[in-house]
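# Overview (structure and organization)
Chain by chain, the residues run as shown.
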Amino acid sequence: MSALSRQLRDTVHFTRSFNADTSTFAQWQSTNRAFVAEALGAGNAQAAQSRTLDQRDHKSHQTRLLELTFSSGEKTEAFLLLPSVRKKSPAVLLLHDHGSRFDIGKEKLIQTSNPDKARSAREWIKRCYGNRYLGDVLVKRGYVVLCADALGWSSRQGNGYDTQQALAANLMQFGTSLAAVVASEDVQAALFLSALPQVDERFVASMGFSFGGFRAWQVAALTSTIRASVAINWMGQLAGLMQPGANLLRGQSAYYMLHPPLAGKLDYPDIAALVAPRPALFFAGDRDPHFPRETVEAAFAALASRWSDAGAATHLETRIWPAGHAFGPAQQDAAIQWMGSALGQ
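Cut-offs and rules
- Residues numbered from 1 in each chain as written.
- Predicted model: local features only at pLDDT ≥ 70, side-chain atom pairs only at ≥ 80, totals over all residues.
- Heavy atoms only, no water.
- Phe/Tyr/Trp six-rings, centres within 6.5 Å; stacked < 30°, edge-to-face > 60°.
- Helix = DSSP H or I, 4+ residues; strand = E, 2+ residues; numbered from the N terminus.
- Buried < 20%, exposed > 50% of the residue type's maximum accessible area, 1.4 Å probe, protein only.
- Salt bridge = Lys/Arg side-chain N within 4 Å of Asp/Glu carboxyl O.
- Polar contact = N/O pair within 3.5 Å; in protein donor to acceptor, adjacent residues only side chain to side chain.
- Contact = heavy atoms within 4.5 Å.
- Pairing = 2+ DSSP bridges.
- Axes fitted to C-alpha atoms, helices over the stretch in contact; angles between N-to-C directions.
- Expected span 1.5 Å × (residues − 1).
- Parallel < 35°, antiparallel > 145°, perpendicular 65-115°, else oblique.
- Left-handed = near helix turned anticlockwise from the far one by under 90°.

### Focus: the packing of aromatic side chains
According to the stated counting rule, one finds 19 aromatic pairs in the structure shown. Ring plane angle 70 degrees and centroid distance 5.0 Å describe the contact between Phe-214 and Trp-217, whose orientation is recorded as edge-to-face. Highlighted residues: Phe-214 and Trp-217, both in helix α7 (residues 211-222), separated by three residues, approximately one helical turn. Judged by its relative accessible area of 1%, Phe-214 falls in the buried class.

Next comes the structure, spelled out in C-alpha cells:
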C-alpha cells in the first residue's frame, strides 16, 4: 500500500454521509437514493427481456435456462427455478460470488446438467456452501429463484483478471464502470423477477455471499422492488477494508466494487443504509481474512444507527459467526428462516 493511499484512507471524509444536525434521515435517504441511482445509471431501469433456451421438469420444481437481454443490449444466461405449485410464490434474486472462478457463475448456486460446469460447481459448493446448491434449497422451500451470470462469468466468461481490468479501464473512458454495469443489470434482473406471473411481487428478496452479498444489499439500495435483503460476508467500512493485502487494493476483483462517482462521498454502510427501513440481514465470519472483525463491527454499528434513525431497528439483523469466508448450511438455514419471517411467509 503506497504512502499516498494510506494518507487518503486516513483522511477521507465522506461528504454525503448522514448528519443528524443538518437533515432528517428521511430527507438524507431520499436525496442520496436518487444521487446513487443516477450515478450508477440505474435511475430509470426497466425489466430485462427474456427468452427460454431450455426447460427441465423435476419432481419438486422446474428449471428454465433463460437468455436475459438488458437495456444496453448485453445478454446473459440465467437459471429460473419455479416451484411445482399453482399459486404466486415469494421469490429470491440469488447473486453469485466472485471467487476468482470465472468458468461458473449461476452454476455456483444452482445445479447444472452441463458436465464440465457441474464438475467445477461441485468443487465450489464443497468449498464455500457446505456442499449445497443454495438455489435448489430455496426452490424446495417454495421460492421462485432467479440467478444470472454477471459480466465476466460462465456464459459471459472472459479471460480472467487481465480481461476484467482492461474492460474496467475501457468503461471508465465512457463515463461508467464495471461495478455500475453489474449494479444496473442486477436492478433489471430484479424488476424482471418481480414481474413474473408466478411471483408475488410483495415478497421479493435478494440474497448473496461474498461479492454476491455486496450485490444483494446494493440492489436493495437501488430498487424498492427488493423487499428484504440477505448479505453474507461483505460489509465493512472503507478505511478498515483498505489494509495491506486486502482485495480492495489489488485491482482485479476490486473493479467490480468501485464506483468512482461515489468515491469520497458515501462509505459502504452509507449506501447500504438506503435499504432502511426495509428488512436486511448481514452475516460475517470472525475468521474471514477479507473482512477484519474490527471494521465489520464498526460497519454493523453504523447500520444499526441508520435503521434506528429510520424507526426500524428491529428490521435489521447482524451477526458475526464463528466461521471464515464461507456460507455453510447452518448460516443458510438461519438466513432463510429470517428471510421467511421478514417477508411474512
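### Regarding the pattern of salt bridges
Applying the stated criterion to the full structure yields 18 salt bridges. As a salt-bridge pair, Glu-77 and Lys-106 come within 3.6 Å of each other at their nearest N and O atoms. Linking Glu-77 in strand β3 (residues 75-83) with Lys-106 in the loop between β4 (89-95) and α3 (115-128), this pair joins segments that are 29 residues apart in sequence. Among the residues examined, Glu-77 registers a relative accessible area of 26% and is labelled partly exposed. Between Arg-306 and Asp-309 there is a salt bridge, with the nearest N and O atoms lying 2.9 Å from each other. Here the residue Arg-306 and the residue Asp-309 both occupy positions in helix α10 (residues 293-309), the gap between them amounting to three residues, near one helical turn. Shared partners join several salt bridges into a network, and the residues in it are Glu-77, Lys-106, Glu-107 and Asp-149.

### Let's talk about the side chain of Gln-188
Within the secondary structure layout, Gln-188 lies in helix α6 (residues 178-194). Engagement of the side chain of Gln-188 in a polar contact is seen with the backbone nitrogen of Ser-71, the distance being 2.8 Å. Excluding residues within four positions of it along the chain, Gln-188 makes contact with Ala-45, Gln-46, Ala-47, Ala-48, Phe-70 and Ser-71.

### Concerning the sheet that holds strand β7 (residues 228-232)
Read across the open sheet, the nine strands follow the order β1-β2-β3-β5-β4-β6-β7-β8-β9; overall the sheet is mixed. The two strands at the open ends of the sheet, each matched to only one other strand, are β1 (49-57) and β9 (316-321). Strand-to-strand twist across the sheet, computed as the mean angle between neighbouring axes with direction ignored, equals 20 degrees. Here β3 runs beside strand β5 (residues 144-148); their pairing, made up of four bridges, is antiparallel. By the bridge assignment, Phe-79 is partnered in β5 with Cys-147.

### Thoughts on the pairing of β4
Burial analysis of β4 places seven of its seven residues in the buried class, which makes it a mostly covered element. The pairing of β4 with strand β6 (residues 199-209) spans six bridges and is parallel. Within β6, the position partnered with Ser-89 by the bridge is Val-199.

### Some thoughts on helix α5 (residues 161-173)
Given a rise of 1.5 Å per residue, 13 residues ought to cover 18 Å, and the 19 Å separating the end C-alpha atoms of α5 matches this to within 8%. In this structure, the buried residues of α5 make contact with α6. Positive backbone phi, approximately 80 degrees, marks Gly-175, located one or two places after α5.

### Let's talk about unusual backbone geometry
With an omega of 10 degrees, the peptide bond running from Ala-276 to Pro-277 counts as cis. As for its placement among the helices and strands, Pro-277 is situated in the loop between α9 (268-272) and β8 (280-285). Even without a glycine there, the phi angle at Ser-100 is positive, about 55 degrees. For Ser-100, a relative accessible area of 42% puts it in the partly exposed group. Phi is positive for Asn-233, close to 60 degrees, though the residue is something other than glycine.

### Quick word on the packing of α6 against α7
Packing of α6 against α7 leaves a shortest axis separation of 9 Å and a crossing angle of 65 degrees. The pairing of α6 with α7 is recorded here as roughly perpendicular in orientation. The crossing of α6 and α7 is right-handed. Facing Val-182, Ala-183, Asp-186, Val-187 and Ala-190 of α6, the residues of α7 in contact are Phe-211, Arg-215, Gln-218, Val-219 and Leu-222.

### Thoughts on the environment of Leu-303
Note on placement: Leu-303 falls in helix α10. The exposure class assigned to Leu-303 is buried, which follows from its relative accessible area of 0%. Counting along the chain gives 22 residues from Leu-303 to His-325, while the straight-line C-alpha distance between them is 21 Å. Excluding anything up to four places from it in sequence, Leu-303 contacts Met-235, Pro-269, Ala-272, Ala-273, Phe-282 and Leu-316.

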